[in-house]
Amino acid sequence: MVLLPATQLARQHVRDGVATIKTEKSGGKVEVALPILAVLQATLDAGPSGDLTFIAGANGRPLTKESFGNEFAAAARTAGVPKSAHGVRKIAATRSANASATGSDLRMDGGTMASHYTRKADRKRLATAATHLLANDAGTSIPAPYLPVRENEEKG
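Residues numbered from 1 in each chain as written. Predicted model: local features only at pLDDT ≥ 70, side-chain atom pairs only at ≥ 80, totals over all residues. Heavy atoms only, no water.

Enquirer: Please provide a residue-by-residue account of the overall build of the protein, values included.
Expert: Each helix and strand counted, the protein has five helices and three strands in total. Reading the secondary structure of the protein in the N-to-C direction produces β-β-β-α-α-α-α-α. Counting all 156 residues of the protein, 24% fall into the buried class. Relative to all contacts within the protein whose residues are 6 or more apart in sequence, the contacts with residues 24 or more apart total 38%. A total of about 11800 Å² of accessible surface is found on the protein, and carbon and sulfur atoms cover 57% of it. (Helix = DSSP H or I, 4+ residues; strand = E, 2+ residues; numbered from the N terminus. Buried < 20%, exposed > 50% of the residue type's maximum accessible area, 1.4 Å probe, protein only. Contact = heavy atoms within 4.5 Å. Areas by Shrake-Rupley, 256 points an atom, 1.4 Å probe, with all protein chains shown as cover.)

Written as structure tokens, this is what we have:
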């Protein structure tokens, strides 16, 4: 969910397990903290990565965001997943929203479309909560029928 080109993220941005960067879309005005999860740290440790940035081309040099996007799409197609690098951000935001992250939580990670990702998760969460209220004998003004609703009709 980092808006700075991910291709520019490097070791110098990480302190105490948190990467801190200024986002590209904000013109460098918004600083974002991105905790490095254990799975990401293990991936970075396993490498390969470039000397200047975590993401590098075959020659070890940093990629432009456009080159990275093209290489990511090609690798995804090869893997049978016709998706883009943006899909990684989208799934991260969706998973966070489904795990109860709020729009504010997602914006703290640099997301500008936080409500887009939280709307569906919020609807599901609210519907589940409302249904549980009814299921827990909270009462309703409509009593359940005690007689069969439809009689079996024999066709002759």
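Enquirer: Mind laying out helix α3 (residues 86–98), listing which residues take part and the relevant values?
Expert: Helical periodicity: at 3.6 residues per turn, an α-helix aligns residues three or four positions apart in one direction. Under the 1.5 Å per step criterion, the end-to-end length of α3 is 18 Å for 13 residues, consistent within 8% with the ideal 18 Å. Residues R89, A93 and A97 constitute the buried set of α3. Axial view of α3: buried residues confined to an arc of 65°, hence all on one face. Counted as exposed and oriented over 90 degrees from the buried face of α3: R95 and N98. (Expected span 1.5 Å × (residues − 1). Arc of directions from axis to C-beta.)

Enquirer: Before we move on, can you summarise a nonpolar patch on the surface with the specific residues and values?
Expert: Where nonpolar side chains cluster on the molecular surface, the patch consists of L37, V39 and L40 and spans about 290 Å² of accessible area. By secondary structure assignment, the location of L40 is in helix α1 (residues 38–46). (Patch = residues over 30% accessible without salt bridge, like charges linked within 9 Å, V, L, I, M, F, W, Y side chains within 5 Å. Salt bridge = Lys/Arg side-chain N within 4 Å of Asp/Glu carboxyl O.)

Enquirer: Describe the nonpolar core, and please don't skip the residues or the numbers.
Expert: Grouped together as the largest cluster of nonpolar side chains are nine residues: L9, V14, A19, I21, V32, L34, I36, L44 and F54. Not counting residues within four places of it along the chain, the set of residues in contact with A19 comprises L9, H13, V14, V32, A33, L34 and I36. (Core = buried A, V, L, I, M, F, W, Y, C linked by side-chain atoms within 4.5 Å.)

Enquirer: Outline the side chain of T53, listing residues and values.
Expert: By the element assignment, T53 lies in the loop between α1 and α2 (65–78). Here T53 falls in the buried class, since its relative accessible area comes to 4%. Engagement of the side chain of T53 in a polar contact is seen with the backbone oxygen of I55, the distance being 2.7 Å. Excluding its chain neighbours within four sequence positions, the residues that come into contact with T53 are T7, Q8, L9, A10 and P62. (Polar contact = N/O pair within 3.5 Å; in protein donor to acceptor, adjacent residues only side chain to side chain.)

Enquirer: Residue-level account of the side chain of T7, with values.
Expert: Considering the arrangement of structural elements, one finds T7 in the segment before β1 (14–15). Side chain to side chain, T7 and Q8 meet in a polar contact 3.4 Å long. Only 3.2 Å separates the side chain of T7 from the backbone oxygen of L63, close enough to count as a polar contact. The contact partners of T7, leaving out residues within four places of it in the chain, are T53, I55, L63, T64, K65 and F68.

Enquirer: Explain α2 to me, using residue names and the numbers behind them.
Expert: Here α2 spans 20 Å end to end across 14 residues, near enough to the 20 Å set by a 1.5 Å rise per residue. Phi turns positive one or two residues past the end of α2, at G80, with a value near 80°.

Enquirer: Tell me what's going on with the sheet that holds strand β2 (residues 18–22), and back it up with residues and numbers.
Expert: The strand order β1-β2-β3 describes an open sheet built from three strands, whose pairing is antiparallel. Looking at strand neighbours, the two that pair on one side only are β1 and β3 (31–35), the edges of this open sheet. Judged from the five bridges that link them, β2 and β3 form a sheet pairing that is antiparallel. From the neighbouring strand, T20 faces β3, where its bridge partner is A33. (Pairing = 2+ DSSP bridges.)

Enquirer: How would you summarise the packing of aromatic side chains if you had to cite specific residues and measurements?
Expert: Counting across every chain of the model gives one aromatic pair. Centroid distance F68 to F72: 5.9 Å. Interplanar angle 50°. Geometry classified as tilted. One end of the pair is F68 and the other is F72, both in helix α2 and four residues apart, which spans about a single turn. Residue F72 is classed as partly exposed on the basis of its relative accessible area, which comes to 26%. (Phe/Tyr/Trp six-rings, centres within 6.5 Å; stacked < 30°, edge-to-face > 60°.)

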